[in-house]
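Residues per chain, in single letters:
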Amino acid sequence: MQRPTWVRILEIVAAVLMLVALGMVFFYAPLERIMGQVQRVFYFHVAANWIGMLSFGVAALSGIAYLVTRHERWDRLAVAAVEIGLVFAITGIVSGSIWARPIWNTWWTWDPRLVSVTIMVLVYFAYLMLRQGIEDPERRARFAAVYAILGFLSVPLTFFSIRLFRTIHPQVIGKGGEDAMGQFDMTPEMLHTLLVSLLAYTVLYVVLLWHRTHLEGLRRQVEERKARWQSG
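Residues numbered from 1 in each chain as written. Predicted model: local features only at pLDDT ≥ 70, side-chain atom pairs only at ≥ 80, totals over all residues. Heavy atoms only, no water.

**A word on the environment of arginine 113**
Along the polypeptide, arginine 113 turns up in helix H4 (residues 112-132). For the pair arginine 113 and threonine 158, spaced 45 residues apart in sequence, the C-alpha to C-alpha distance is 6.2 Å. (Helix = DSSP H or I, 4+ residues; strand = E, 2+ residues; numbered from the N terminus.)

**A word on the pattern of salt bridges**
Tallied over the full model, the rule gives eleven salt bridges. The closest approach of N and O atoms between glutamate 138 and arginine 70, which form a salt bridge, is 3.1 Å. Taken together, the residues span a long stretch of sequence, with glutamate 138 in helix H5 (residues 137-151) and arginine 70 in the loop between helix H2 (41-69) and helix H3 (72-104) at a distance of 68 residues. Residue glutamate 138 is classed as partly exposed on the basis of its relative accessible area, which comes to 34%. Overlapping salt bridges, with partners in common, bring together Glu72, Asp75, Arg76, Glu83, Arg131, Arg212, Glu216, Arg219 and Arg220 in one network. (Salt bridge = Lys/Arg side-chain N within 4 Å of Asp/Glu carboxyl O. Buried < 20%, exposed > 50% of the residue type's maximum accessible area, 1.4 Å probe, protein only.)

**Some words on a nonpolar patch on the surface**
Taken together, Ile90, Val94, Ile98, Trp107, Leu122 and Phe125 make up a surface patch of nonpolar side chains, about 570 Å² in accessible area. Mapped onto the nonpolar patch, the elements with two or more residues apiece are H3 and H4. The dominant element in the nonpolar patch, judged by the number of residues it contributes, is H3, at three residues. (Patch = residues over 30% accessible without salt bridge, like charges linked within 9 Å, V, L, I, M, F, W, Y side chains within 5 Å. Areas by Shrake-Rupley, 256 points an atom, 1.4 Å probe, with all protein chains shown as cover.)

**Some remarks on the nonpolar core**
Core analysis: the biggest nonpolar cluster contains 37 residues, and Tyr43, Phe56, Met120, Tyr124, Tyr127, Tyr205 and Leu209 have the highest contact counts within it. Once you skip the residues sitting within four places of it in the chain, phenylalanine 56 turns out to touch Val82, Gly85, Leu86, Ala89, Met120, Tyr124, Phe152 and Val155. If you look at the next biggest cluster of nonpolar residues, it comprises eight residues, including Trp99, Ala100, Trp104 and Leu114. (Core = buried A, V, L, I, M, F, W, Y, C linked by side-chain atoms within 4.5 Å. Contact = heavy atoms within 4.5 Å.)

**A word on the packing of aromatic side chains**
As enumerated under the stated definition, the model contains four aromatic pairs in all. Across the ring face of phenylalanine 143, the terminal group of arginine 139 is positioned such that the distance to the ring centre comes to 4.8 Å. (Phe/Tyr/Trp six-rings, centres within 6.5 Å; stacked < 30°, edge-to-face > 60°. Lys NZ or Arg CZ within 6 Å of the ring centre and 35° of its normal.)

**Some points on H3**
Between its first and last C-alpha atoms H3 spans 46 Å; for 33 residues at 1.5 Å apiece the expected length is 48 Å, and the two agree. The positive-phi residue at the C-terminal boundary of H3 is asparagine 105, with phi of around 65°. (Expected span 1.5 Å × (residues − 1).)

**Quick notes on the environment of glutamine 37**
Structurally, glutamine 37 can be placed in the loop between helix H1 (5-28) and H2. In this structure, the C-alpha to C-alpha distance between glutamine 37 and tryptophan 99, residues 62 residues apart in sequence, is 9.7 Å. For glutamine 37, the side chain forms a polar contact with the side chain of arginine 40, separated by 2.8 Å. (Polar contact = N/O pair within 3.5 Å; in protein donor to acceptor, adjacent residues only side chain to side chain.)

**Examining the confidence of the model for the protein chain**
When pLDDT is averaged along the protein chain, the result is 87; 90% of the residues meet or exceed 70. Ranking the helices and strands of the protein chain by mean pLDDT puts H1 first, with 96, and helix H6 (residues 154-164) last, with 81. Note that pLDDT drops below 50 for residues 176-182; the model gives that stretch 18 contacts with residues more than four away or on any other chain. (pLDDT = per-residue confidence, 0-100.)

**Quick notes on the packing of H4 against H5**
Remark: H4 packs on H5, axes separated minimally by 10 Å, with the N-to-C direction vectors making an angle of 175°. Classified by the angle their axes make, H4 and H5 are roughly antiparallel. Together, Val123, Tyr124, Ala126, Tyr127, Leu130 and Arg131 of H4 and Arg140, Phe143, Ala144, Tyr147, Ala148 and Gly151 of H5 make up the contact between the two elements. Looking at side-chain class alone, the contact of H4 with H5 contains nine nonpolar, one polar and two charged residues. (Axes fitted to C-alpha atoms, helices over the stretch in contact; angles between N-to-C directions. Parallel < 35°, antiparallel > 145°, perpendicular 65-115°, else oblique. Nonpolar A, V, L, I, M, F, W, Y, C, P; charged D, E, K, R; others polar.)

**Some points on the side chain of threonine 158**
With respect to the helices and strands, threonine 158 occurs in helix H6. A polar atom in the side chain of threonine 158 sits 2.8 Å from the backbone oxygen of serine 154. Setting aside anything within four residues of it in sequence, one finds threonine 158 in contact with Met53, Arg113, Ser116, Val117 and Met120.

In structure tokens:
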């Protein structure tokens, strides 16, 4: 199947935006006075976490749509969203560790934000394991849809953890806590760079989601033809 025109356009837009975001991170946004160069990880870290949470939200909405319509395309979209969301969420964890090493003097600490994001990632790994454990396609899609909806509860818990619990993790939106190590006030240039990074990652996500959903459809067609060949 040939890619739709809008997908090809978005691929070009995503590539251009990623290059612009990269250039702004290193040449437009000022160097943070205290943290230095490692602060530049912040733009990728926030954008990756945003896409992870957005993708899990897409999976939950797809789960609702599947339960209402029972159309298989929503199940394809849900599993694609979870897989992509996990990639970006793990990228967020890794980039956060790179930032934490010079700032917190450790790669990892059992901070409420880090604990909650780890739980969120494990919840969605369990989603994939659930799918692997059910052979009947309709039953698998139904159970996975319910799980995706319930699993989304871990997303707002992760987002609000730095507001609900005592944490040293910086708060990007709003005023952070006094004990947040690495907290800083963004200059207009920093804010512009963050917004462009978020936009670039979002457009890239739409492109990746279309490709992964399309690939899932092809995989299922192969499985169906294989099953018919074996039964016939």
